[in-house]
Amino acid sequence: MKDTIKSVVIGIIVFCTLYFISWILTCGIIKLITMCFGLSFNWLIATGIWLIMCVVKNILKRD
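Throughout what follows, the structure given in this document is the object of discussion. Source: prediction; values computed, not measured.

**Looking at the packing of aromatic side chains**
Reasoning step 1: Under the counting rule described, the total for this entry stands at five aromatic pairs.
Reasoning step 2: Here the aromatic rings of Tyr19 and Trp50 are separated by 6.0 Å at their centres, their planes lie at 80°, and the arrangement is edge-to-face. Of this pair, Tyr19 sits in helix 1 (residues 2–37) while Trp50 sits in helix 2 (residues 43–60), and the two are 31 residues apart along the sequence.
Reasoning step 3: Residue Trp50 is classed as buried on the basis of its relative accessible area of 12%.
Reasoning step 4: Note on Phe41 and Trp43: the rings are 5.0 Å apart at their centroids and 85° apart in plane angle, and the pair reads as edge-to-face.
Reasoning step 5: Three or more aromatic residues link up through ring pairs in this structure, and these residues are Phe20, Trp23, Phe41 and Trp43.

Calculation rules
- Along each chain, residues carry numbers from 1 onward, in the same order as the chain's sequence is written.
- Where local features are concerned, this predicted model is filtered to residues with pLDDT of at least 70; where side-chain atom pairs are given and counted, the filter is 80 or more; whole-chain, interface and lining totals use all residues.
- With hydrogens and water excluded, all non-hydrogen atoms of the structure serve as input to the side-chain values.
- By convention, a stacked pair of Phe, Tyr or Trp rings (six-membered ring in the case of Trp) has centres within 6.5 Å and planes under 30 degrees apart, an edge-to-face pair has planes over 60 apart, and any other such pair is tilted.
- Helix numbering and strand numbering both begin at the N terminus, where a helix is a DSSP run of H or I of at least 4 residues and a strand a DSSP run of E of at least 2.
- The buried label applies to any residue whose accessible area, calculated with a 1.4 Å probe on protein chains only, is under 20% of its type's maximum; exposed applies above 50%, and partly exposed to all values in between.

Okay, structure coming up:
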(Lines give C-alpha, C1' and ligand atoms only; values in the text may rest on other atoms or scores of the structure.)
Protein backbone atom coordinates (compact mmCIF):
# COMPACT_ATOMS: atom_id res chain seq x y z
CA MET A 1 0.00 0.00 0.00
CA LYS A 2 2.80 2.44 0.88
CA ASP A 3 4.59 1.69 -2.38
CA THR A 4 1.43 2.54 -4.35
CA ILE A 5 1.01 5.88 -2.57
CA LYS A 6 4.69 6.65 -3.05
CA SER A 7 4.44 5.87 -6.77
CA VAL A 8 1.39 8.11 -7.15
CA VAL A 9 3.09 11.00 -5.33
CA ILE A 10 6.23 10.63 -7.46
CA GLY A 11 4.07 10.54 -10.60
CA ILE A 12 2.26 13.72 -9.58
CA ILE A 13 5.56 15.47 -8.83
CA VAL A 14 7.01 14.45 -12.22
CA PHE A 15 3.82 15.57 -14.00
CA CYS A 16 3.84 18.97 -12.28
CA THR A 17 7.57 19.43 -12.92
CA LEU A 18 7.19 18.72 -16.63
CA TYR A 19 4.28 21.15 -16.95
CA PHE A 20 6.25 23.80 -15.04
CA ILE A 21 9.21 23.38 -17.40
CA SER A 22 6.85 23.64 -20.39
CA TRP A 23 5.26 26.80 -18.93
CA ILE A 24 8.54 28.54 -18.12
CA LEU A 25 10.04 27.74 -21.55
CA THR A 26 6.95 29.01 -23.36
CA CYS A 27 6.83 32.19 -21.29
CA GLY A 28 10.55 32.70 -21.85
CA ILE A 29 10.18 32.41 -25.61
CA ILE A 30 7.24 34.82 -25.54
CA LYS A 31 9.33 37.26 -23.47
CA LEU A 32 12.14 37.08 -26.03
CA ILE A 33 9.69 37.72 -28.86
CA THR A 34 8.22 40.74 -27.07
CA MET A 35 11.71 42.09 -26.41
CA CYS A 36 12.62 41.75 -30.09
CA PHE A 37 9.55 43.70 -31.22
CA GLY A 38 9.65 46.27 -28.40
CA LEU A 39 6.32 45.14 -26.93
CA SER A 40 5.43 44.97 -23.27
CA PHE A 41 5.51 41.53 -21.65
CA ASN A 42 2.68 40.30 -19.43
CA TRP A 43 2.82 37.05 -17.45
CA LEU A 44 -0.97 36.63 -17.61
CA ILE A 45 -1.05 36.82 -21.39
CA ALA A 46 1.97 34.52 -21.69
CA THR A 47 0.28 32.00 -19.38
CA GLY A 48 -2.93 32.28 -21.41
CA ILE A 49 -1.01 31.54 -24.61
CA TRP A 50 0.60 28.53 -22.90
CA LEU A 51 -2.81 27.23 -21.77
CA ILE A 52 -4.24 27.64 -25.28
CA MET A 53 -1.25 25.73 -26.67
CA CYS A 54 -1.84 22.90 -24.16
CA VAL A 55 -5.54 22.68 -25.05
CA VAL A 56 -4.87 22.70 -28.81
CA LYS A 57 -2.16 20.06 -28.34
CA ASN A 58 -4.61 17.80 -26.47
CA ILE A 59 -7.37 18.34 -29.04
CA LEU A 60 -5.10 17.56 -32.00
CA LYS A 61 -3.32 14.65 -30.30
CA ARG A 62 -3.54 11.44 -32.30
CA ASP A 63 -4.15 8.20 -30.45
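After that view of the structure, there is still more to cover.
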